[in-house]
Amino acid sequence: MTATQIPLQTRIRISAPRLGSDVEALVLSVLRSGHLAQGPMVERFEALCATMAGTSHAVAVGNGTVALDAALAVLDIGPGQEVITSPFTFAATINAILRSGADVRFADIRADFTLDPESVAALIGPATAAIVPVHLYGLPCDMSPLMTLADRHGLAVVEDAAQAHGAEVDGRRAGGFGVGCFSFYATKNVTSGEGGCVTTDDAMLAERLRVIRNQGMRARYDYAMIGQNWRMTDIAAAIAIPQMERLDEIIRARRSNAAMLTSLLDSNPALTTPSVPVGRGHVWHQYTVLIEHGIDRDRVSASMSSAGIDTGVYYPGLVWDHSAYRDLPTVHRDHTPVALDCTTRCLSLPVHPGLSTGDIERVAERLDRALRAS
């Protein structure tokens, strides 16, 4: 039986959103209310987001990319400035920076896949305006040295927390250090289908975010700035609210599954399992191993798929090394050897709450078999 012939119900998916009857009931209440656009559900969702990030304010927007766009816009990041971020990230990070008009610089990452503060420090210059740490796979960056650098040089910090709902650094939540940008896309730990949120403790920034997302209107037909339609709908908020209310449960399930995967895989010499640095709380959006040199990662992934197990390669190349960006003068091709090495060796395994103990054992057993065959 080929991978395409394996019944969907028996495949182990890399992502499997679980939307229960509570989600159905809340969405139905919105449909029946007749108020489908931004309204009371969005306000309720924003309160939950502020609690999640430990911030005073949260402003919901249409998706995670818009969250990055909005954050950079209200911080007045633009042409003539440079923004430092990770090259080991999804294209949304670089797209938002480029749309702002700023140049993009790339610092290297550490073995934990997150931004290396020493590499960031080496790139800071007169044109540097902001740092965009990417909290990857659910693991937040080492924020203390990054915030020290930002304070020392007067830089803005925009956290790309798209994958880090509820993640922590020394007891402080991701999205609560600088301006936090979250995604609630279909595959995220909490989903609204499409959705995003910006978190901040700065009341003035929060007000600017609310104005810019609503066509620049402070009140109806009172245009205070050039704005966008970046609003979230009440339907999308209603999908996310019940999940947000059980976020702690979702995180516990993912941590339990990750711990089991590590216990089954940690002794395998053909791979390196992910580690969690002291003081950082991982929420396991992805469980990503590094395949040892000399083993064909893509062949291993194909073998897993043939066995009915989905895997993911996040990401197969440095973000700037695509035709859309490669020749842009605003994209600097900085030397990032650790990130480059990870692009050829990373492989993400299922870790979502829908997995059974048997599923996790099957993932580990099949991975071991695929590694030995490669």
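Above this text you will find the structure in question.
Our subject in this report is the structure included herewith.

The rules behind each value
- Here the residue index of a chain counts from 1 through its sequence in written order.
- Thresholds applied to this predicted model are a pLDDT of at least 70 for local features of residues and 80 or more for the giving and counting of side-chain atom pairs; totals over whole chains, interfaces and linings are not thresholded and use all residues.
- By convention in this description, side-chain values take in all heavy atoms of the structure and omit both hydrogens and water.
- By the criteria applied, helices consist of DSSP H or I runs no shorter than four residues and strands consist of E runs no shorter than two, each listed in order from the N terminus.
- This radius of gyration counts C-alpha atoms alone. The globule rule is 2.2 Å times how many residues there are, raised to the power 0.38.
- Throughout, a residue-residue contact means that at least one pair of heavy atoms, one from each residue, lies within 4.5 Å.
- Charged residues are defined here as Lys and Arg on the positive side and Asp and Glu on the negative side; His and the ends of the chain fall outside this count.
- To locate a charge, take NZ of a lysine, CZ of an arginine, CG of an aspartate or CD of a glutamate.
- Ring pairs shown here join Phe, Tyr and Trp side chains whose ring centres sit within 6.5 Å, with only the six-membered ring taken for Trp; geometry is labelled stacked below 30 degrees between planes, edge-to-face above 60, and tilted in between.
- Note on exposure labels: buried denotes an accessible area under 20% of the residue type's maximum, exposed denotes more than 50%, and partly exposed covers the range between, all computed with a 1.4 Å probe on protein chains only.
- The directions considered for the arc run from the helix axis to the C-beta atoms.
- Pairing between two strands requires that DSSP report at least two bridges joining them.
- When the strands point away from the viewer and the connection leading from the first strand across the helix to the second strand turns clockwise, the crossover is called right-handed.
- Definition of nonpolar core: a set of buried residues of the types Ala, Val, Leu, Ile, Met, Phe, Trp, Tyr and Cys, connected through side-chain atoms within 4.5 Å.

## Some thoughts on the overall build of the protein
1) Next: Along the backbone of the protein there are twelve helices and 15 strands.
2) Next: Relative to a compact globule of 374 residues, whose C-alpha radius of gyration would be 21 Å, the protein shows 21 Å and is just as compact.
3) Next: By its C-alpha atoms, the protein is 65 × 55 × 40 Å across when sized along the principal axes.
4) Next: Of the contacts made within the protein by residues no fewer than 6 positions apart, 71% connect residues no fewer than 24 positions apart.
5) Next: Within the protein, one finds 32 positive and 40 negative side-chain charges whose respective centroids are separated by 5 Å.

## Some details on the packing of aromatic side chains
1) Next: Enumeration according to the criterion identifies seven aromatic pairs in this entry.
2) Next: Taken together, a centroid distance of 6.0 Å and an interplanar angle of 20° make the contact between Phe88 and Phe113 stacked. One end of the pair, Phe88, is in the loop between strand E2 (82–85) and helix H4 (91–100); the other, Phe113, is in the loop between strand E3 (103–106) and helix H5 (117–123), with 25 residues separating them in the sequence. In this pair, the class of Phe88 matches that of Phe113, namely buried.
3) Next: Considering the side-chain rings of Phe113 and Tyr137, the 5.0 Å spacing of their centres and the 80° angle between planes classify their relative orientation as edge-to-face.

## Structural notes on helix H6 (residues 143–153)
1) Next: Taken together, the buried positions of H6 are occupied by Met143, Leu146, Met147, Leu149 and Ala150. Down the axis, H6 shows its buried residues gathered within 155° of arc, on one side only. The outward face of H6, more than 90 degrees from its buried face, is lined by the exposed residues Asp151 and Arg152.
2) Next: Positive backbone phi, at 65°, marks Gly154, one or two positions downstream of H6.

## Re the sheet that holds strand E13 (residues 280–281)
1) Next: Strand order in this open sheet of three strands is E7-E6-E13, and the pairing throughout is antiparallel. The outermost strands of the open sheet, each flanked by one partner alone, are strand E7 (172–173) and E13.
2) Next: With two bridges connecting them, strand E6 (residues 168–169) and E13 associate as antiparallel partners. In the strand pairing of E13, Val169 is matched with Arg280.

## Overview of the pairing of strand E5 (residues 156–160)
1) Next: Burial runs high along E5: five of the five residues are buried.
2) Next: The alternating pattern of E5 places Ala156, Val158 and Asp160 on one face and Val157 and Glu159 on the opposite face, and all of these are buried.
3) Next: For strand E4 (residues 128–132) and E5, the ladder comprises two bridges, and the chain directions are parallel. Directly across from Ile131, in E5, lies its bridge partner Val157.
4) Next: One crossover worth recording links E4 to the parallel E5 by way of H6, and it is right-handed.

## Some words on the pairing of E3
1) Next: Both faces of E3 are covered, namely the face carrying Asp103 and Arg105 and the face carrying Val104 and Phe106.
2) Next: Crossover E2 to E3 through H4 is right-handed.

## Regarding the nonpolar core
1) Next: Core analysis: the biggest nonpolar cluster contains 47 residues, and Phe88 and Ile94 have the highest contact counts within it.
2) Next: For this core, the element with the most residues is helix H3 (residues 64–74), which contributes seven residues.
3) Next: In contact with Ile94, other than residues within four places in its own chain, are Val104, Phe106, Val319, Trp320, Tyr325 and Val331.
4) Next: Val27, Ala50, Ala174 and Ile251 belong to the second-largest nonpolar core, a separate cluster that totals 33 residues.

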